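# Survey of secondary and tertiary structure
One-letter residues, chain by chain:
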Amino acid sequence: MSYETILVERRDRVALITLNRPKQLNALNVQMARDITDAAQKFDADETIGCIVVTGAAKAFAAGADIKEMTDLSYMDAHRLDWFHLWDRLADVRKPMIAAVSGYALGGGCELAMICDFIIAADTAKFGQPEVKLGVMPGIGGSQRLTRAVGKAKAMDMILTGRMMDAAEAERAGLVSRVVAPEKLLDEVFDAAKTIAAMSLPSTRMNKEAVNAAFETGLAQGVRFERRLFQATFAMRDQKEGMAAFVEKRPPSFSHD
Ligand code: CO8
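Residues numbered from 1 in each chain as written. Predicted model: local features only at pLDDT ≥ 70, side-chain atom pairs only at ≥ 80, totals over all residues. Heavy atoms only, no water.

- The protein chain carries the name enoyl-CoA hydratase in an unreviewed UniProt entry, which gives Rhodoblastus sphagnicola as its organism.
- The Sequence similarities (unreviewed entry) comment attached to the protein chain in UniProt states, word for word, "Belongs to the enoyl-CoA hydratase/isomerase family." (UniProt positions renumbered as here; feature names shortened; annotations may be inferred.)

If you want it as C-alpha cells, here you go:
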C-alpha cells in the first residue's frame, strides 16, 4: 500500500497511518481524505490487524481541512462533491482506532481525531474548532462529537469563540484519555494499540460497537443492546479460550473467532 498524502506501516497486529503533508501542517485535502479512508478500510478488512493508529507530525496532527482547496467552492460544488461521505466511511471502521495527537488538531484535524475511538495526546497538543473565524462551521461532525465529548458549555465556548484548548484542559474536559510527554507519545500509543490488538478481535469490535451505541440510544435500549452482544460472545471460540486461560492461570491465546 502506498499513498500520496499519508504513510502507512504495520508493526505486528498494529497498523499506523501517518498524515504526511508537513508543509501544509497536514491540512486535510480531498486526496488525503481518500487516502486515509482507503487505508483504514483496507486495515479494517485485514484480519491480521487488531488496532489502527492515526498520527500526524510534532507541530501538527492536522491544522484542519485544506482552506486553500475550499476558498472558491460554490454551494453547488460542495453539494455535488459531498466529500463528507469519505469521513463517514472512516467512522464506519469497526476495529479500534486511536489518534496520537501532537501539536495542532484544529477544525477537520480535531474532527478526525474525534472520529477515532480515543485520543492520546502529547502535552504540546492544541485542540480547536476555529471554523467560525473563517465564516464557516465544523463540517466533519465536530459540532456533534465535541459536544458529546466535552458537554454543551465547553463545546459552545470552543466553537463560538474558535479558541484553542491545550492538552491539560482537553484531558480535564474528557476529550483525551491520556496526556504524555511528546517524546513518549508514539511509544505510549503503540503500547495501548498492542494491548488492544492482542485481545480477541471480535470481542474488541463488539466492545467498540457497544460503547458507540451509548451515543445513539437511550439507556434501557443501550443496556439491552449490550446484553445481546454479551450473550453473543458465548458463541465465540475466544470466549472459551479467554475464560479457560483465566481458570488455568495462563495467558490466553486468541484465535480471533
Ligand atoms: N489549510 C490550508 N493550508 C494550511 C492550513 C489549512 N487548514 N493550516 C495551515 N496551512 C498552511 C499555511 O497556509 C502555511 O502555508 P504557506 O507556507 O504556503 O503559507 C503553512 O501551512 C504553515 O502555516 P502557518 O504559516 O500559518 O503556521 P503558523 O505556525 O504560523 O500557524 C496555525 C499555525 C495556527 C495552525 C495556522 O496555520 C492556522 O490557523 N491554520 C488554520 C487553522 C484552521 O482554521 N483550521 C480550520 C480549517 S476549516 C475546517 O477544518 C473545516 C472542516 C470541515 C470541512 C469539511 C470538508 C469535507
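There's more to say after this.
## Quick look at the state of the cysteines
- For the coordinates displayed, the defined rule picks out 0 disulfides.
- Residue Cys110 stays outside any disulfide, its sulfur separated by 11 Å from that of Cys116, the closest cysteine.
- By relative accessible area, which is 2% here, Cys110 ends up buried. (Disulfide = S-S within 2.5 Å. Buried < 20%, exposed > 50% of the residue type's maximum accessible area, 1.4 Å probe, protein only.)

## Topic: the pattern of salt bridges
- Evaluation of the coordinates by the stated rule reveals 14 salt bridges.
- A salt bridge links Arg205 to Glu47, with the shortest nitrogen-to-oxygen separation between them at 2.7 Å. Taken together, the residues Arg205 in helix α10 (residues 201–213) and Glu47 in the loop between α1 (30–45) and β3 (51–55) connect sequence positions 158 residues apart.
- Residue classification places Arg205 among the buried residues on the basis of a relative accessible area of 15%.
- For Glu47, a relative accessible area of 42% puts it in the partly exposed group.
- For Lys208, the salt bridge identified is with Asp117, shortest N-O distance 2.9 Å. Here Asp117 lies in the loop between α5 (108–115) and β7 (118–122) and Lys208 lies in helix α10, a separation of 91 residues in the sequence.
- Classification of Lys208 by relative accessible area gives buried; the value is 11%.
- Classification of Asp117 by relative accessible area gives partly exposed; the value is 31%.
- Salt bridges here are not isolated pairs; linked through shared partners, they connect Lys154, Asp157, Arg163 and Glu169. (Salt bridge = Lys/Arg side-chain N within 4 Å of Asp/Glu carboxyl O. Helix = DSSP H or I, 4+ residues; strand = E, 2+ residues; numbered from the N terminus.)

## A short note on the nonpolar core
- Phe127 and Leu175 are the most contacted members of the largest nonpolar core, which totals 49 residues.
- If you tally residues by element for this core, the top one is α1, at 7 residues.
- Ile98, Ala100, Ile120 and Phe190 belong to the second largest nonpolar core, which has 16 residues in total. (Core = buried A, V, L, I, M, F, W, Y, C linked by side-chain atoms within 4.5 Å.)

## Structural notes on the sheet that holds strand β5 (residues 97–101)
- Strands sit in the order β1-β2-β3-β5-β7-β10 across an open sheet of 6 strands; the sheet is mixed. Of all the strands in the sheet, the pair left with one neighbour each is β1 (6–11) and β10 (178–180). For this sheet, the mean angle separating the axes of adjacent strands, direction not counted, is 20 degrees.
- Sheet topology note: the β5/β7 ladder contains 4 bridges and is parallel. Looking across to β7, one finds that Ile98 is bridged to Phe118.
- This element, helix α9 (residues 185–198), spans β1, β2 (14–19), β3, β5, β7 and β10 of the sheet and lies at about 175 degrees to β5. (Pairing = 2+ DSSP bridges. Axes fitted to C-alpha atoms, helices over the stretch in contact; angles between N-to-C directions. Contact = heavy atoms within 4.5 Å.)

## Quick word on the layout of surface pockets
- Looking at the largest pocket, its volume works out to about 900 Å³.
- Those elements that place two or more of their residues in the lining of the largest pocket are α4 (84–91), α5, β7, α6 (142–150) and α10.
- Here the element with the most residues in the lining of the largest pocket is α10; it accounts for 7 residues.
- A domain split of the lining of the largest pocket shows at least three residues from each of domain 1 (6–197) and domain 2 (200–248).
- There is about 690 Å³ of room inside the second largest pocket.
- Lining of the second largest pocket is provided by 30 residues; of these, Ala65, Met70, Glu131, Val136 and Met137 occupy positions nearest its centre.
- Where the lining of the second largest pocket is concerned, the elements lending two or more residues are α1, α2 (67–70), α4 and α5.
- Sorting elements by how many residues they give to the lining of the second largest pocket places α2 first, with 3 residues.
- Broken down by class, the residue content of the lining of the second largest pocket amounts to 19 nonpolar, 6 polar and 5 charged. (1 Å grid on protein atoms, 1.4 Å probe; cavity = no way out; pocket = protein on both sides within 12 Å on 5 of 7 lines; lining within 4 Å. Points joined across faces, edges and corners; volume = space filled by probe spheres on them. Domains from an automatic or database assignment. Nonpolar A, V, L, I, M, F, W, Y, C, P; charged D, E, K, R; others polar.)

## Describing the packing of α6 against helix α7 (residues 152–161)
- α7 packs onto α6 with a crossing angle of 140 degrees between their chain directions and a minimal axis gap of 7 Å. As the angle between them shows, α6 and α7 are arranged oblique. For the pair α6 and α7, the sense of crossing is right-handed. Judged by residue contacts, Gly142, Ser143, Leu146, Thr147 and Val150 of α6 engage Lys152, Lys154, Ala155, Met158 and Ile159 from α7. (Parallel < 35°, antiparallel > 145°, perpendicular 65-115°, else oblique. Left-handed = near helix turned anticlockwise from the far one by under 90°.)

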